[in-house]
Amino acid sequence: MVKTYLGNRVGLALGIAIATGAGLAKAQDTDLSQPVFRVTQAQAQEPAAPAQQPAAPAAASPFDLAPREGEHPLMPCVRLAKQALADIDQNIHDYSCKFTKIEKIDGKLTDPQYMFMKMRHKPFSIYMYFLKPYQGREVLYVDGQNNGNLVALEAGWKRRVGKVNLDPNGTMAMNGQKYPITRAGIRNLTAELIGIGEADTKFGECEVKNYPDVKIDGRPVTMIEAIHPVPRREFKFHIARIYLDNEYRIPVAYEAYSWPTTPGGEPVLEERFIYTNLKLNNGFTDQDFSPENPEIFKP
């Protein structure tokens, strides 16, 4: 974003997680036609650097996580994601939440960003109020409005500049961001997970662990961890963790790691996205996503 208006680092777009792992470990060529995979009901060993708090003893998961005979162990996750997407489309019209994200950009992890977020699915509408950093920054986007632009209002003394319209895919809006605002939200995350999972089921070398007794922000969730032991060009990640809310039955967090940069080293966090304090079906209207709403975008 132009420094004169909104500062050098703006963080306007929300990220939806697809870990690339590019340049972090050299992909190896191999014949992956023969599957090599395992499924584990993990209970005792806590995964390294999780975004959750495992509880003990482990309880039964409300999800069917057992692969069917002869199928890839990621297929239960793909099925769950597809069911979650269908449930979102049918039953979840909007939601509010606190959104937390960490991303690796230009080889460095960003500091955590915390935002209050409102989301409506039809038409795709999103409002963000930054809590930390950039406290007070507001960003709004509604599909099909404002000539396809997002509306931003900076915090502090920069607020005097007023509202600014930006191309969500343009250089200014994407400065310091991995993903545009148009890919934000739980529904987009779920759709991305389906695509990644279906692509991975074409190959072997996959270990899946299920942690059925995990909590995020005090809510019970089930964590599904997929591990590709060896870096291959076919794989987008070394470790991916998906967190499904046990009550809402939708993904509420995702994190991805690339392979260690040195032999025997730790996996490298690429990105982490967490949705907490989730409140569904608030009955949001056009006014909730209007730049003229006096309750938001206050001068």
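Residues numbered from 1 in each chain as written. Predicted model: local features only at pLDDT ≥ 70, side-chain atom pairs only at ≥ 80, totals over all residues. Heavy atoms only, no water.

## Here we look at the side chain of Gln-177
Structurally, Gln-177 can be placed in the loop between helix H3 (171–174) and helix H4 (186–200). On the basis of relative accessibility, which here comes to 9%, the residue Gln-177 falls in the buried class. Side chain to side chain, Gln-177 and Lys-101 meet in a polar contact 2.4 Å long. (Helix = DSSP H or I, 4+ residues; strand = E, 2+ residues; numbered from the N terminus. Buried < 20%, exposed > 50% of the residue type's maximum accessible area, 1.4 Å probe, protein only. Polar contact = N/O pair within 3.5 Å; in protein donor to acceptor, adjacent residues only side chain to side chain.)

## Some details on the pattern of salt bridges
Where charged atoms from two side chains of opposite charge come close, those side chains can pair. Per the counting criterion, the structure on display carries 17 salt bridges. Two residues, Glu-270 and Lys-104, come together in a salt bridge whose shortest N-O distance is 3.5 Å. You can see Glu-270 sitting in strand E14 (residues 268–280) and its partner Lys-104 sitting in strand E3 (residues 94–105), a full 166 residues away along the chain. The residue Glu-205 makes a salt bridge to Arg-232 at a minimum N-O spacing of 2.8 Å. You can see Glu-205 sitting in the loop between H4 and strand E10 (206–216) and its partner Arg-232 sitting in the loop between strand E11 (219–227) and strand E12 (239–245), a full 27 residues away along the chain. Each member of the pair, Glu-205 together with Arg-232, is buried. (Salt bridge = Lys/Arg side-chain N within 4 Å of Asp/Glu carboxyl O.)

## Focus: the pairing of strand E13 (residues 251–258)
Here E13 lies mainly inside the structure; eight of its eight residues are buried. The pairing of E13 with E14 spans six bridges and is antiparallel. Looking across to E14, one finds that Ala-256 is bridged to Glu-271. (Pairing = 2+ DSSP bridges.)

## Looking at the packing of aromatic side chains
Between two aromatic rings, the relevant description is the distance of the centres plus the angle of the planes. If you walk through the whole model with that rule in mind, you get six aromatic pairs. Residues Phe-284 and Phe-289 carry aromatic rings whose centres are separated by 5.9 Å and whose planes lie at 85° to one another, so their mutual orientation is edge-to-face. Residues Phe-284 and Phe-289 agree in their burial class; the two are buried. The rings of Phe-99, Phe-273 and Tyr-275 are connected pair by pair, giving a single aromatic cluster. (Phe/Tyr/Trp six-rings, centres within 6.5 Å; stacked < 30°, edge-to-face > 60°.)

## Here we look at the nonpolar core
Core analysis: the largest hydrophobic core is formed by 55 residues, its most contacted members being Tyr-95, Ile-126, Leu-150, Tyr-243, Ile-250 and Tyr-254. Among the elements that line this core, the one with the most residues is E10, at five residues. Ranked by size, the runner-up nonpolar core spans nine residues in total, among them Tyr-127, Leu-140, Leu-153 and Phe-284. (Core = buried A, V, L, I, M, F, W, Y, C linked by side-chain atoms within 4.5 Å.)

## Comments concerning the state of the cysteines
Counting across every chain of the model gives zero disulfides. Cysteine Cys-77 remains unbridged, with the sulfur of Cys-206 as its closest cysteine sulfur at 9.7 Å. By relative accessible area, Cys-77 is classed as buried at 12%. (Disulfide = S-S within 2.5 Å.)

## Structural notes on empty space enclosed by the protein
The tally for this structure, following the rule as stated, stands at four cavities of 30 Å³ or more. As for the largest cavity, its lining consists of 16 residues, and the residues nearest its centre are Leu-74, Leu-193, Ile-196, Gly-197 and Ile-242. Elements that contribute at least two residues to the lining of the largest cavity include exactly helix H2 (75–91), H4, E11 and E12. It is H4 that contributes the most residues to the lining of the largest cavity, five residues altogether. Across the lining of the largest cavity, the residue classes tally to 13 nonpolar, one polar and two charged. Size it by volume and the second largest cavity reaches roughly 80 Å³. Ile-216, Asp-217, Arg-219, Val-221, Asp-245, Tyr-248, Val-252, Tyr-275, Thr-276, Asn-277 and Leu-278 are the residues that line the second largest cavity. Going through the elements one at a time, E11 and E14 are the ones with two or more residues in the lining of the second largest cavity. Per element, the largest residue contribution to the lining of the second largest cavity is four residues, and it comes from E14. (1 Å grid on protein atoms, 1.4 Å probe; cavity = no way out; pocket = protein on both sides within 12 Å on 5 of 7 lines; lining within 4 Å. Points joined across faces, edges and corners; volume = space filled by probe spheres on them. Nonpolar A, V, L, I, M, F, W, Y, C, P; charged D, E, K, R; others polar.)

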